[in-house]
Structures are given as C-alpha cells and as structure tokens.
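As a plain string of letters, each chain reads:
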Amino acid sequence: MMRLRPILLSITPSILPLTIATSSFSTFPLGPPTSSIVPPGSCQLDETWKACKLTSSKSLTQDTKLLTFSTPDTTSPLNLPTCACILASGGEDPTSDSAAPYVRPYTPVSTNSLSGSFDLIVKEYPTGGLSKYICNMNVGDTLDFKHIPFNVKRQYPFNRTHVAMIAGGTGVTPMIQALHALLGSDEDETKVTLLYGSRRKEDIIARDALEVWERMSGGRLKVVHVLSEEEGDWGGERGHIDKGIIQKYLPGKEQDVEIFVCGPEGMYGSLCGPRGEEGVDGILGEMGYGPDQVVKF
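Residues numbered from 1 in each chain as written. Predicted model: local features only at pLDDT ≥ 70, side-chain atom pairs only at ≥ 80, totals over all residues. Heavy atoms only, no water.

1. Here's the deal with the overall build of the protein
Just so we agree on the cut-off: Helix numbering and strand numbering both begin at the N terminus, where a helix is a DSSP run of H or I of at least 4 residues and a strand a DSSP run of E of at least 2. Only the C-alpha atoms count toward the radius of gyration. The rule for a globule is 2.2 Å times the residue count to the power 0.38. Relative accessibility decides the category of a residue: with a 1.4 Å probe and only protein chains considered, values under 20% of the type maximum give buried, values over 50% give exposed, and everything between is partly exposed. Should any heavy atoms of two residues lie within 4.5 Å, those residues are counted as being in contact. Each accessible area is a Shrake-Rupley estimate made with a 1.4 Å probe; only the visible protein chains count as cover when residues are assessed. Counted as positive: Lys and Arg. Counted as negative: Asp and Glu, with His and the chain ends omitted from the count. Charged side chains are reduced to one point each, which is NZ for Lys, CZ for Arg, CG for Asp and CD for Glu.
Assigned secondary structure in the protein consists of seven helices and twelve strands. Its C-alpha atoms give the protein a radius of gyration of 19 Å, within 12% of the compact-globule value 19 Å for 297 residues. Overall, the C-alpha framework of the protein stretches about 50 × 45 × 40 Å when taken along its three principal axes. With 297 residues in all, the protein has 53% of them scored as buried. Long-range contacts, defined here as pairs at least 24 residues apart, represent 72% of the contacts in the protein between residues at least 6 apart. Element-wise, carbon and sulfur atoms account for 50% of the exposed surface of the protein, whose accessible area totals about 13,500 Å². When the 27 positive and 35 negative side-chain charges of the protein are each reduced to one mean point, those points stand 3 Å apart.

In structure tokens:
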C-alpha cells in the first residue's frame, strides 16, 4: 500500500526555499505542517487491543527511532483527534505478578493525511522495558495498540492568543502533533513558543524540521532549545528549563496563554506538579499560572 505524504502546495519559495525543505525534511521526514482534524470517536483504534505491523524503522539519534506501523484498515487514515495519544502493549513486565505486557502511551507525529499507517518516535531508555522492546522490533513484527477516551488530552482549536509548549526529550511528540494543527491551518493566527529541553545537540529530535517550521511560520513560531549536558560550542540556552527561562520567553499569567507540558516525570515535578494531578504546583504554580492555563500531557 502506498503511503500518502502531505504535499507542499501553498508555501512560496521566498518563505520556504526548496533546498531548505528538501534537506531538512529528508533528515527528519515530518513534511510541512498539515492540519487534518477529526473529532473524538473517529480513530481506527478503539478500546480493544489491535495488532499493527511494523513496516519501517529509521534511526533519528543514537537512541531514538522513527517507527512506522500499519493501521488495522490499511485503506484509511488512523483518524486520531488532536491532541491525543494511543496506548502500546508488548514485551513482558517482570514487575507485574503475571509477567503481563508493558503498556505505555505514545503520540503519533504523523497526521490523518497519511493513509494506511502512522509514525511514532520512540526513545530507547536504559531502564525502559517497552521502549527497548519496540526499538528492537524487526520490520514485519506486530505490536498491540488501542485508544481510549482518557487519552484525548486537548481538542483543537485551542482558542488562545498564545500557546506555549514546554517539552523534554520525546515529550516533543504531542507538541509536533499540535503544531501540525496550529501551523497547518491557514486561518489560525495563534502565536506559539516551544521551550525544548535536551541533553546535547545530537539528542534534539526533529531539530531540522522544527527549524524549517519556524522559518515558514511568518513569525508565529519560536523554538528555544535548552541543553543540560552540552560541552561543545552552543550559542543557545544551557541548563534546565527554569523560572528564568520561562520569564524570558513565555507570556505572563495575565495574558491569554495556555501552556502544554510533556516530558520526564522530573520535569512535571519541577514545573507544574505530577501529571495525574489537576492542580498546578512547581515553578508554573509559583508564577501564578492556573489549572485553566496548564495542560499536562
């Protein structure tokens, strides 16, 4: 089955030179931002586990892969609402009583303009049971997926003047999904700022594609990388995303802003409080941002 990728039709050469688009999108094949919005309840995956075949596996960094899985119905898109994730199940969790499979959420970085398959970014963590299992799958192997209503975190349109995003590592994946909708919708004028924390330059996922999206956004998107362990030359921010960096780049609590947060558990604890809690603690809470302004992915 041929995989249909979005085609760049409306971007003029002066905004997105062909040489930039070709080199960057081939390095990380996100393509241009594409809005393909469906309502909740449309997804091919439902609350029962369905086996999906791995059709492609490509290395993005030393420990991160772009994995393509076929949809149950290979003639149709996944039809996942924005913003939402899916659950993956595989391997054997030795910490469970019956060695049950690992279960973890993942957010596709492809859109519903892609028919017959969907793309995931998976980082192989040293202690990550499911991530190790997935990253070592062979093309042709299958993995179980499902989608439940709880996994629909926020619906587009977001109806804010400014959307701020704070991501760490593969926590950038729901931000990519939201950026597809925000930047791919011609009528949307929302400003977007992405604060993206990584260890080193080579760990930044989708760096080239995000740079292209920033250039083609007409000033709507600003991407700020923050590196915690970079020892080489780096003209950007260093350390961790803290109060100083948030004050420097994001709108204040009194403005019409919503902040999306996704990353390691430690990031939630520092910035906004545990993911499962509705209240806002941490740095964002201290700065006065309320529960109606912070979304924990």
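2. Here we look at the packing of aromatic side chains
For the record, the criterion: Working definition: rings of Phe, Tyr and Trp (its six-membered ring) pair if their centres are within 6.5 Å, and the pair is stacked with planes under 30 degrees apart, edge-to-face with planes over 60 apart, and tilted otherwise.
Scanning the entire structure with this criterion turns up six aromatic pairs. Centre to centre, the rings of Phe 158 and Phe 260 are 5.2 Å apart; their planes meet at 85°, and the pair counts as edge-to-face. Linking Phe 158 in the loop between strand S6 (142-146) and strand S7 (162-168) with Phe 260 in strand S11 (residues 257-262), this pair joins segments that are 102 residues apart in sequence. The two residues Phe 158 and Phe 260 agree in class, both being buried.

3. As for the side chain of Ser 115
Applied cut-off: In protein, a polar contact means a hydrogen-donor-capable atom and an acceptor-capable atom, both N or O and within 3.5 Å, with residues adjacent in sequence counting only if both atoms are side-chain atoms; elsewhere, any N or O pair within 3.5 Å suffices.
Take Ser 115: it is sitting in the loop between strand S4 (102-106) and strand S5 (117-123). Within the local environment of Ser 115, its side chain forms a polar contact with the backbone oxygen of Thr 75, the two atoms lying 3.3 Å apart.

4. With respect to the environment of Gln 177
Its location among the elements puts Gln 177 in helix H3 (residues 173-184). Judged by relative accessible area, Gln 177 falls into the buried class, the value being 7%. Those residues in contact with Gln 177 that lie beyond four places of it in its chain are Leu 80, Pro 81, Thr 82, Cys 83, Ala 84, Thr 107 and Pro 108.

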